[in-house]
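# Per-entry structural report
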Amino acid sequence: MKLWNPAAFFISLIMSMVMAVIFGILVPPFIGLQGLEWDLCLYMWPLRWLTAYLLINIIVYPIGFGLAEKVFNFNPDRDGMGLWNPAAFFISLIMSFVMAAIFGLPMGLPADMFFYLWPLRWATAYLLINIIVYPIGFWLAKKVFGFDPIAN
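Residues numbered from 1 in each chain as written. Predicted model: local features only at pLDDT ≥ 70, side-chain atom pairs only at ≥ 80, totals over all residues. Heavy atoms only, no water.

### Remarks on the overall build of the protein
When its secondary structure is counted, the protein shows six helices and zero strands. Relative to the compact-globule value of 15 Å for 152 residues, the protein shows a C-alpha radius of gyration of 15 Å, a close match. Counting all 152 residues of the protein, 42% fall into the buried class. Here the protein displays about 8,500 Å² of accessible surface, and carbon together with sulfur accounts for 72% of that area. (Helix = DSSP H or I, 4+ residues; strand = E, 2+ residues; numbered from the N terminus. Rg over C-alpha atoms; globule rule 2.2 N^0.38 Å. Buried < 20%, exposed > 50% of the residue type's maximum accessible area, 1.4 Å probe, protein only. Areas by Shrake-Rupley, 256 points an atom, 1.4 Å probe, with all protein chains shown as cover.)

Next up, the structure:
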């Protein structure tokens, strides 16, 4: 993977905020925890975005696509990007764990809730990415930077 990836730029931008709002602000009151304050969530967004962008480009994309190819014999050129996307399956699996470990645990997320909520974070990230974020991120990459992620 290249360090500059316009599609990952927008996907990490969107997901770093949406997942923080869902699991940092909206979910904690339902499980009896203190959630993030809105201002703290907004202040930390650039740090979450940069962390997500670098993790995805340097580590998670190569691992996710490698596992998708090895486990599911997935080839994005041949199989395309549909609702069942093995690459997004592994990428969302890894990122839903790593980002919560980096930002949730130090902010006071109890370790048991960290593990109990992982399947919910994973399913949410997978569905958001496949249904909403990939199409928007790919469109923005093409519109803003003239980069076609499917062709590259």
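### Topic: the packing of aromatic side chains
Taken as a whole and assessed by the stated rule, the structure comprises 20 aromatic pairs. Between Phe10 and Phe145, the ring centres sit 5.7 Å apart and the planes meet at 40°, which makes this aromatic pair tilted. Of this pair, Phe10 sits in helix α1 (residues 6–26) while Phe145 sits in helix α6 (residues 118–145), placing them 135 residues apart in sequence. On the basis of relative accessibility, which here comes to 8%, the residue Phe10 falls in the buried class. (Phe/Tyr/Trp six-rings, centres within 6.5 Å; stacked < 30°, edge-to-face > 60°.)

### Examining the nonpolar core
Judged by nonpolar contacts, the single largest core of 35 residues is most densely connected at Ile11, Met15, Ile91, Met95 and Tyr134. Elements supplying a minimum of two residues to this core: α1, α2 (38–72), α4 (86–104) and α6. Residue contacts for Ile11: discarding those within four places in its chain leaves Tyr61, Val133, Tyr134, Gly137 and Phe138. Core analysis: the second largest hydrophobic core is formed by five residues, Met17, Ala20, Val21 and Cys41 among them. (Core = buried A, V, L, I, M, F, W, Y, C linked by side-chain atoms within 4.5 Å. Contact = heavy atoms within 4.5 Å.)

### Examining α6
With 28 residues, α6 extends only 34 Å from end C-alpha to end C-alpha; this falls clearly short of the ideal 40 Å at 1.5 Å per step. Within α6, the axis deviates most sharply at Ile129, by approximately 50°. Turning to α6, the residues buried within the fold contact α1, α4 and α5 (111–116). Within two residues after α6, Gly146 carries a phi angle of roughly 65°, on the positive side. (Expected span 1.5 Å × (residues − 1). Bend = angle between axes of the 7 residues up to and from the residue.)

### Quick notes on the packing of α4 against α6
Direction vectors running N to C along α4 and α6 enclose 125°, while the axes themselves pass 8 Å from each other. With respect to α6, the axis of α4 lies oblique. Two packed elements cross with a definite hand, and for α4 against α6 that hand is right-handed. Counting all contacts with α4, which are made through Ala88, Phe89, Ile91, Ser92, Leu93, Ser96, Phe97 and Ala100, the residues of α6 involved are Trp118, Arg121, Trp122, Ala125, Tyr126, Ile129, Asn130 and Tyr134. When grouped by side-chain class, the residues that make up the contact of α4 with α6 number 12 nonpolar, three polar and one charged. (Axes fitted to C-alpha atoms, helices over the stretch in contact; angles between N-to-C directions. Parallel < 35°, antiparallel > 145°, perpendicular 65-115°, else oblique. Left-handed = near helix turned anticlockwise from the far one by under 90°. Nonpolar A, V, L, I, M, F, W, Y, C, P; charged D, E, K, R; others polar.)

### Topic: the pattern of salt bridges
Evaluation of the coordinates by the stated rule reveals one salt bridge. A salt bridge links Asp148 to Lys142, with the nearest nitrogen and oxygen atoms 3.9 Å apart. For Asp148, a relative accessible area of 24% puts it in the partly exposed group. (Salt bridge = Lys/Arg side-chain N within 4 Å of Asp/Glu carboxyl O.)

### Details of the environment of Leu42
Within the element layout of this structure, Leu42 appears in helix α2. A relative accessible area of 44% means that Leu42 is categorised as partly exposed. Separated by 88 residues in the primary sequence, Leu42 and Asn130 place their C-alpha atoms 25 Å from one another.

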